[in-house]
Amino acid sequence: MAQPAEARTCPVTGFRVHRAAEDLVKANAVAAVVALLLGGLAAIVVLFTRWMGAFPPEAFYQYLALHAWNMLIFWILFFEIALLYFAGSILLNTRPASPAVGWLAFALMVLGALMVERAILTNPLNHLSFQPYPPLRGTPDFYLGTILFAVGALLGVGLFFATVHKAYREGTHTGPLPLVVFGAFVAAVLAVATLLVGALVFVPAFLWSAGVLPELNPFLWKLAYWGFGHPSQQINLAAMIAVWYLLAQLTVGGRTPSEKVSRAAFILYLVAINLGSAHHLQTEPTGALSVGWKWINTGYLMHLAVLGSMIHAFAVPGSVEVGQRLRGYRRGLFDWLVRGPWHNPAFSSLVLSVALFGFLGGTTGVIAGTEQLNMKWHNTTAIMGHFHGTVVAGTTLAFMGITWYVLPLIFRRRVVAERWARWQPWLFGIGVGLLVLAFMQLGVRYGLPRKQPDIFRFRGLPLAFEWPAEVYALLTVAGIGGLLALLGGGLFVALVVATVLFGKRLTDDELRRDYALPKAAANPGHGVKELPAVPGTFVLCLVFAAFFLLMYLGNYWNLSRAWPIGG
Amino acid sequence: MAPGAWWEEPVHPLERAWVVIAAFIAVVFFSAMMLVWHALGQQNVRGRAYRVDPKAYQAEVERFVQQYRVGEEAGQPVVAPPPGSDVYMLAQRFRFYPILRLKAGERYVLHVASIDYLHGFSITQPHVWNLQLYPGYEWVLPFTPREPGTYHMACNDFCGVGHEMMLGKIVVER
């Protein structure tokens, strides 16, 4: 049998695809989807316990931990590593600097993930949630697993940097990085900071668990933990936005109205976003963290990153509008949106991901992170509402969207049952949207605690109490939303697995014929002189700003009716 | 795109306008609002906190309970301190101790600490507000229970299996 070629030229995009990069992308993407499946199965127990108290509290805590680690860490990080190899190697036409390092990284990540899964599954009474604050103590293999996973991910990020360097050294790429790679680069820098802080918290925790360190300071540990816990989600944010720009380009030939503004927004993330993690410490004792410290970090500094996000909120829909107008959809304000390629699940995923992330995930993050408003949000289901709006409706849906291109272009298989794929983003997006809305209302208005498995009976204790009828109604809305999201997620996994295993292999001619990218117009230009204006996007952004201010002030009004405190 | 050209590109007036609006909302307005509320608002996460020895704190709470105890409910003492006084609450796996009985519209100074794990101090039904508790930190915050009623508490930070049983109660009388 002939040795497969070292590299091929993609018939659709014209990129040089090196086999070594392709294999690494495939392996990491498959691991990501497996984690998504495990996290989704665990979500069944979580969902039905919160909805109707279907499982005992012990099972809830255990499956909640499984759900969180698989979704927030394993699914997302495996996918992001795949994305980094794609951006660093394929988009820059170069072979990975060292495929062996890539495989070592992959092996460490798989091993670490398996150790964490095992630690959670085999310790029904002694496992930790996603916020494993000491003095709660897990078994040593739990901490060791997270450390191995983080080291693996760090190696993967290092390989990305080395590959970008190689592309310049060998001249396969010249000039500035393409915007998508620029965004991935920012995500990678954030990842290095995050994973190093991860080591800072999990190495001492491992030593403590193994009996080497006598104790950990719970306060300092939680403070440092959020240097890992939230920044790990900021990597997702930067990676998701890079994927948004990529999807705009692939689905409608879009490009940002201004390279300068989009890149500046990414740089704002680099400067400020990890400081936003301080918002996890808004209701901490003020003798330990001063009001000034909270305000500097979550006021001015965090809001620089918020500004970055608000700029992307213009530039990403703007990219779609530019692409569509170049393709000839020029009438009125919204013709470009109405007549988008809605038959393409990647396009629906992009639009839903941007809209849900912006309106639900982003706004609630700012509100929950505001010093005083946090008193109404802290550790209620509203926080779950926030991060399901960001990581699930935003990042996960965007990653699902790009998968519809990964399957034909990297795996070179025709997506099975493409008709079903069209419904997938809607099922998933609307489901998560309902869940998020219900959780936010339940948390802010009714104070429903998160991580509370027995809100219906409270184990029959004498201090047990009843909730108002609206709570049960809202729980049903959340339950139905969650069920739709599970169906949408299940459909995604089923279609992806079926395609990878049984999808029809695509030849170069078929790829060229059926997956041709939108004619990126005759206009190859950039910038204000050559690209059409985006008035529709501007109007959408004004609507968004009005909604944002209304929500923000509404939350202060709600707080003003609570018992006075701290005066 | 020519190398470096992206930095010299002019920006469309509509996008420039949006960047200005966004900067005003995010960096000016949101940040200022937090300070404005410190000056004018009545609800602020502002108080003092001390490192405290769990045993010493427990003894302090016990003295408070003995001094103002008026009855018992659900195996817990019910304590009715006079308006304006310092009131104590202790969080531990899996209870908030004791049950408080307060007067509506009166100002009290709340002392609250956990003596073992991290807990969430949450007055949840009806919903008032939430605070984070640490082992060994005593939070001291003035507060005013405004409306009369029975207020149920539930721990909202996972503190181990059994967390779901960690409940408490504050009764506010007219």
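Placed above this text is the structure.
Note that the structure is predicted; figures quoted are calculated from it, not measured.

S.K.: Please explain the overall build of chain B as it appears in this structure.
M.R.: Assigned secondary structure in chain B consists of 2 helices and 12 strands. Walking chain B from its N terminus toward its C terminus, one meets helices and strands in the order α-β-α-β-β-β-β-β-β-β-β-β-β-β. Relative to a compact globule of 174 residues, whose C-alpha radius of gyration would be 16 Å, chain B shows 23 Å and is clearly more extended. With the C-alpha coordinates of chain B rotated into their principal frame, the extents come out at 80 × 35 × 25 Å. Looking at chain B as a whole, 44% of its 174 residues are labelled buried. Sequence-distant contacts in chain B: of pairs separated by 6 or more residues, those separated by 24 or more amount to 55%.

S.K.: Got a minute to help me understand unusual backbone geometry in this structure?
M.R.: That bond from P134 of chain A to P135 of chain A is cis: its omega, 10°, falls within 30 degrees of zero. Take P135 of chain A: it is sitting in the loop between α3 (99-122) and α4 (140-169). Cis geometry is adopted by the peptide bond preceding P126 of chain B, which originates at Q125 of chain B and carries an omega value of -5°. Relative to the assigned elements, P126 of chain B resides in the loop between β8 (119-125) and β9 (130-133). Positive phi outside glycine occurs at N93 of chain A, with the angle close to 60°. Assignment of secondary structure puts N93 of chain A in the loop between α2 (57-90) and α3. Assessed through the 18 C-beta atoms surrounding it within 10 Å, N93 of chain A is described here as partly exposed. The phi dihedral of R459 of chain A falls on the positive side, at around 55°, and the residue is not glycine. Mapped onto the elements, R459 of chain A comes out in the loop between α14 (418-444) and α15 (469-502).

S.K.: Is there a simple way to think about the environment of A485 of chain A in this case?
M.R.: Relative to the elements of secondary structure, A485 of chain A occurs in helix α15. Not counting chain neighbours up to four residues away, the residues in contact with A485 of chain A comprise F428, G431, V432 and L435 of chain A.

Reading guide: rules and limits
Residues numbered from 1 in each chain as written. Chains lettered and ligands numbered in written order. Predicted model: local features only at pLDDT ≥ 70, side-chain atom pairs only at ≥ 80, totals over all residues. Helix = DSSP H or I, 4+ residues; strand = E, 2+ residues; numbered from the N terminus. Rg over C-alpha atoms; globule rule 2.2 N^0.38 Å. Buried ≥ 20, exposed ≤ 12 C-beta atoms within 10 Å, placed from the backbone. Contact = placed C-beta atoms within 7 Å.

So, to be careful, I would describe these as geometric facts and stop short of saying anything about function.
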